[in-house]
Amino acid sequence: KQEVTQIPAALSVPEGENLVLNCSFTDSAIYNLQWFRQDPGKGLTSLLLIQSSQREQTSGRLNASLDKSSGRSTLYIAASQPGDSATYLCAVLGGGADGLTFGKGTHLIIQP
Amino acid sequence: NAGVTQTPKFQVLKTGQSMTLQCAQDMNHEYMSWYRQDPGMGLRLIHYSVGAGITDQGEVPNGYNVSRSTTEDFPLRLLSAAPSQTSVYFCASSLDNGGYGYTFGSGTRLTVV
């Protein structure tokens, strides 16, 4: 059974810092990996989708990498802002029809 | 383009009551699914559907029922609510089985007392 782990569980940094969130998965036979953002009491907003054949995806200040063979992905946030404060979720899609397997998330606080 | 719409946003039920959580998408997505989110557990798949008339169980299906009569709608039914079903429920859809990523609704916060 696929398991997804996110480290750290929580992170608090001053505004302006660059930071890295980590995601690891136990079964490397994935179809793709998706990073989401969740604000308190809200739904999930998709940030980046990386197909299994890709190494990275970029959107603005966000860059996600994927190393399928080692079962790892990182989400890099450049020049962090207080508005980046949220929970970040990593989810992998396997080859079957049974949907996404989620990590438990990293709760990020950017201090003004 | 509304995306994935869930209703209601909040609901309180008494133990033993039944209710239906509604989910609708206007993106012509074939694949729809329901997740629950609990503290410390992450999101877990309840049921999913790969197209109208086709449904299947996910990781935690007990106590829930689904049907898919149209492409747009995928309601989740709680047959006899239990306190263990207190959770936040999310509906998600994708064009195919997630190859182009998933779109999530804003969630339904359910409390069973």
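Residues numbered from 1 in each chain as written. Chains lettered and ligands numbered in written order. Predicted model: local features only at pLDDT ≥ 70, side-chain atom pairs only at ≥ 80, totals over all residues. Heavy atoms only, no water.

## Some points on the overall build of chain B
Here is the rule we go by: The helix and strand labels rest on DSSP assignments: H or I over at least four residues marks a helix, E over at least two residues marks a strand, and numbering proceeds from the N terminus. Throughout, radius of gyration means the C-alpha value; the globule benchmark is 2.2 Å times the number of residues raised to the power 0.38. The buried label goes to any residue with under 20% of its type's maximum accessible area, the exposed label to any with over 50%, and the partly exposed label to all in between, with areas taken from a 1.4 Å probe on protein chains only. Contacts: residue pairs with any heavy atoms within 4.5 Å of one another. Surface accessibility follows the Shrake-Rupley procedure with a 1.4 Å probe radius. Residue values consider only the protein chains on display as shielding. Charge assignment in this entry is limited to Lys and Arg as positive and Asp and Glu as negative, and neither His nor the chain termini are counted. For this purpose, a charge sits on NZ of Lys, CZ of Arg, CG of Asp or CD of Glu.
On a plain count of helices and strands, chain B comes out with zero helices and 11 strands. Its helices and strands taken in sequence order, chain B reads β-β-β-β-β-β-β-β-β-β-β from the N to the C terminus. A compact globule built from 113 residues would reach a C-alpha radius of gyration of about 13 Å, and chain B, at 13 Å, matches this within 12%. With the C-alpha coordinates aligned to their principal axes, the bounding extent of chain B is approximately 40 × 25 × 25 Å. Residues counted as buried form 50% of the 113 residues belonging to chain B. Sequence-distant contacts in chain B: of pairs separated by 6 or more residues, those separated by 24 or more amount to 54%. Working note: accessible area of chain B is about 5,000 Å², and carbon and sulfur atoms make up 52% of it. Taken together, the 7 basic and 8 acidic charged side chains of chain B have centroids lying 14 Å from each other.

## Thoughts on the overall build of chain A
A count of helices and strands for chain A gives zero helices and 11 strands. Taken from N to C terminus, the helices and strands of chain A fall in the order β-β-β-β-β-β-β-β-β-β-β. In terms of overall dimensions, chain A is globule-like: its C-alpha atoms have a radius of gyration of 13 Å, near the 13 Å expected for 112 residues. On the principal axes, the C-alpha backbone points of chain A span a range of 45 × 30 × 20 Å. Taken across its 112 residues, chain A has 41% of its residues classed as buried. Summed over its atoms, the accessible surface of chain A is roughly 5,300 Å², and 49% of this surface lies on carbon and sulfur atoms. Of note, chain A has its 8 positive side-chain charges centred 3 Å away from the centre of its 9 negative side-chain charges.

## Brief notes about the nonpolar core
So the rule is basically this: The criterion is simple. A nonpolar core is a set of buried Ala, Val, Leu, Ile, Met, Phe, Trp, Tyr and Cys residues joined through side-chain atoms within 4.5 Å.
If you look at the biggest cluster of nonpolar residues, it comprises 22 residues, and the most contacted ones within it are Leu19(A), Phe25(A), Leu33(A), Trp35(A), Leu75(A), Ile77(A) and Tyr88(A). For this core, the secondary structure elements donating two or more residues are β3 (19-25), β4 (32-38), β5 (44-51), β7 (62-67), β8 (72-77), β9 (86-93) and β11 (106-111) of chain A. Val4(B), Met19(B), Trp34(B) and Leu110(B) belong to the second-largest nonpolar core, a separate cluster that totals 19 residues.

## Observations concerning the interface of chain A and chain B
Quick note on the threshold: Salt bridges are counted wherever a side-chain nitrogen of Lys or Arg sits within 4 Å of a carboxyl oxygen of Asp or Glu. Pairs of N or O atoms within 3.5 Å make up the polar contacts considered here, provided that, within protein, one atom can donate a hydrogen while the other can accept it, and that residues adjacent in sequence are counted only when both atoms are side-chain atoms. Note that Gly is not counted as nonpolar here; it falls among the polar residues with everything else outside the nonpolar set of Ala, Val, Leu, Ile, Met, Phe, Trp, Tyr, Cys and Pro and the charged set of Asp, Glu, Lys and Arg.
Contacts between the two partners involve 23 residues from chain A, matched on the other side by 22 residues from chain B. The interface formed by chain A and chain B contains one salt bridge. Here Lys1(A) makes a salt bridge to Glu59(B), at a shortest N to O gap of 3.2 Å. Run the count over chain A and chain B and you get seven residue pairs in polar contact (both at pLDDT 80 or more). Breaking the side of chain A that touches chain B down by element, the ones donating at least two residues are β4, β5, β9 and β10 (100-102) of chain A. Classifying every residue of the side of chain A that touches chain B by side-chain character gives nine nonpolar, 10 polar and four charged.

## Looking at the packing of aromatic side chains
How we decide: Centre distance within 6.5 Å is the pairing criterion for rings of Phe, Tyr and Trp, where only the six-membered ring of Trp is used; planes under 30 degrees apart are then read as stacked, over 60 as edge-to-face, and the remainder as tilted. Charge-over-ring contacts are defined here by two conditions on Lys NZ or Arg CZ: a distance within 6 Å of the ring centre and an angle within 35 degrees of the ring normal.
Counted under the stated rule, the structure contains eight aromatic pairs over all chains. Centroid distance Phe102(A) to Phe104(B): 6.0 Å. Interplanar angle 80°. Geometry classified as edge-to-face. Placement of the pair is Phe102(A) in strand β10 and Phe104(B) in strand β10 (residues 103-104), with the two residues belonging to separate chains. The two residues Phe102(A) and Phe104(B) agree in class, both being buried. Taken together, the ring pairs in this structure connect Phe36(A), Phe102(A), Tyr35(B) and Phe104(B) into an aromatic cluster. Positioned over the ring face of Phe74(B) is Arg68(B), at 6.0 Å from the centre of the ring.

## A few points about unusual backbone geometry
A cis amide bond links Ile7(A) with the next residue in sequence, Pro8(A), at an omega value of 0°. Positionally, Pro8(A) belongs in the loop between β1 (4-7) and β2 (10-14). Geometrically, the link from Thr7(B) to Pro8(B) is a cis peptide bond, its omega value of -10° lying close to zero. Along the polypeptide, Pro8(B) turns up in the loop between β1 (4-7) and β2 (10-13).

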